[in-house]
Amino acid sequence: MQMKFPLLAALLGLLAAFPAHAQTDAQSESAQAWKAKLSAHIARSRVFPAEAMGQTGEAKVGFVIDRSGKLVSRALAASTGSRPLDAAALEIVARAQPFPRPPLELKEETFYFVVPIVFNGRQFQVPTNGLVLSTPASGFAESEAIAAWRKAVTEHVRRNIKFPPTAIGQRGDAGVIFVVDRAGKLISNAFLETSGIAPLDAEALAMVERSVPFPKPPADAKDDLQRVIILITFDGTQRPWTGPSPESEKFLKSWIEDQAKLNAKSPTPSDAKLNSMLRSICRGC
């Protein structure tokens, strides 16, 4: 899968999408136990590309999960220098979901981690204490209104997805980062991660452009420009139900009309007549 790596600004935008974590919570025993459980959970995945056999390197993947353990987004924070290994590192994190849920003492709705993945020839390792629960600077913390707006924008964009017919039978993940101004106008959009499939990549950008104008950011937004990141999974291996075909609709309409004509010619018998018919049929039973 061909990858395009985000610049530092994109990574900062990813951090900006999520609230800050209290340092005391991050260092608590239950949080540390949860982090260890997450590391072991990721390490159980077994993804190693055949074309990268014999290669070594360390990748770092930044990823966000919600309170249910669902993967919200992921991005490469540090490259191994090998495209197959980098793609494998992202796939390892993707396949690890759903993740263990956070302890109740951590109150945030989303959590941002950076995990190192070390490749060594034919296997990989996740260092036991390598997973980092990131604590963004307080300036990156956002209000509940901004978080609600970001969620509304995400849902708004997802309603504009159209699976490209030329990609039927193919599956891929694409991540897009885009910038919206205070009026809900699209300023720019770019890939955070490409699917490697041209029609799907084109649709990932097109769905954002079709969503203009976006809901306006809340009035208390500190910045004039807001970054939003969306990760989309396109799955064309199973065609979704889109309703009856014209042929089936025509057949059904004809069948209903024929039934109506038959009913008109043969009205429902009265109860007395029906009982008489039954007695004649069952005589001698």
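This text goes with the structure placed above it.
Now for a quick tour of the structure.

**A few points about the overall build of the chain**
Now for step 1: Helix and strand counts for the chain come out as eight helices and eight strands.
Now for step 2: In the chain, which comprises 285 residues, the share counted as buried stands at 42%.
Now for step 3: Considering only intrachain contacts with a sequence separation of at least 6, the fraction spanning at least 24 residues in the chain is 76%.
Now for step 4: Summed over its atoms, the accessible surface of the chain is roughly 16,400 Å², and 55% of this surface lies on carbon and sulfur atoms.

**Details of the packing of aromatic side chains**
Now for step 1: Applying the stated criterion to the full structure yields seven aromatic pairs.
Now for step 2: Judged by centre distance (5.2 Å) and plane angle (75°), the rings of W34 and F111 are edge-to-face. Here W34, found in helix α3 (residues 29-43), pairs with F111, found in strand β3 (residues 110-121); they are 77 residues apart in sequence, far enough to count as distant. Across this residue pair, the class does not change: W34 and F111 are buried.
Now for step 3: When the ring of F63 is compared with that of F113, the centres are 5.5 Å apart and the planes differ by 25°; the resulting orientation is stacked. Of the two residues, F63 is situated in strand β1 (residues 55-66) and F113 in strand β3; the sequence distance between them amounts to 50 residues.
Now for step 4: Owing to a relative accessible area of 0%, F113 belongs among the buried residues under this scheme.

**Description of the nonpolar core**
Now for step 1: If you look at the biggest cluster of nonpolar residues, it comprises 32 residues, and the most contacted ones within it are F63, I65, F99, F113, I117 and F119.
Now for step 2: When contributions to this core are tallied by element, the ones reaching two or more residues are α3, β1, β2 (71-78), α4 (83-95) and β3.
Now for step 3: When near neighbours in sequence (up to four residues on either side) are disregarded, F63 contacts I42, L71, S73, R74, V93, F99, F111, Y112, F113, V115 and L131.
Now for step 4: Grouped together as the second largest cluster of nonpolar side chains are 20 residues, W149, I197, A204 and M207 included.

**Things to note about the environment of G169**
Now for step 1: Along the polypeptide, G169 turns up in the loop between α5 (144-158) and β6 (171-181).
Now for step 2: Separated by 66 residues in sequence, G169 and D235 have C-alpha atoms that sit 7.7 Å apart.
Now for step 3: With sequence-adjacent residues up to four places away left out, G169 is seen in contact with G236 and T237.

**Details of the side chain of Q226**
Now for step 1: Relative to the elements of secondary structure, Q226 occurs in strand β8 (residues 225-235).
Now for step 2: When sequence neighbours within four positions are dropped, the list of residues in contact with Q226 reads I146, W149, R150, F178, V179, V180, P217 and A221.

**Some remarks on the side chain of S211**
Now for step 1: Relative to the assigned elements, S211 resides in the loop between α6 (198-210) and β8.
Now for step 2: Note on S211: relative accessible area 1%, which makes it buried.
Now for step 3: A distance of 2.7 Å separates a polar side-chain atom of S211 from the backbone oxygen of M207.
Now for step 4: Not counting residues up to four positions away in its chain, the partners in contact with S211 are H156, V157 and N160.

About the thresholds
- Residues numbered from 1 in each chain as written.
- Predicted model: local features only at pLDDT ≥ 70, side-chain atom pairs only at ≥ 80, totals over all residues.
- Heavy atoms only, no water.
- Helix = DSSP H or I, 4+ residues; strand = E, 2+ residues; numbered from the N terminus.
- Buried < 20%, exposed > 50% of the residue type's maximum accessible area, 1.4 Å probe, protein only.
- Contact = heavy atoms within 4.5 Å.
- Areas by Shrake-Rupley, 256 points an atom, 1.4 Å probe, with all protein chains shown as cover.
- Phe/Tyr/Trp six-rings, centres within 6.5 Å; stacked < 30°, edge-to-face > 60°.
- Core = buried A, V, L, I, M, F, W, Y, C linked by side-chain atoms within 4.5 Å.
- Polar contact = N/O pair within 3.5 Å; in protein donor to acceptor, adjacent residues only side chain to side chain.

So far we have only geometry, and geometry alone does not tell us how the molecule works.
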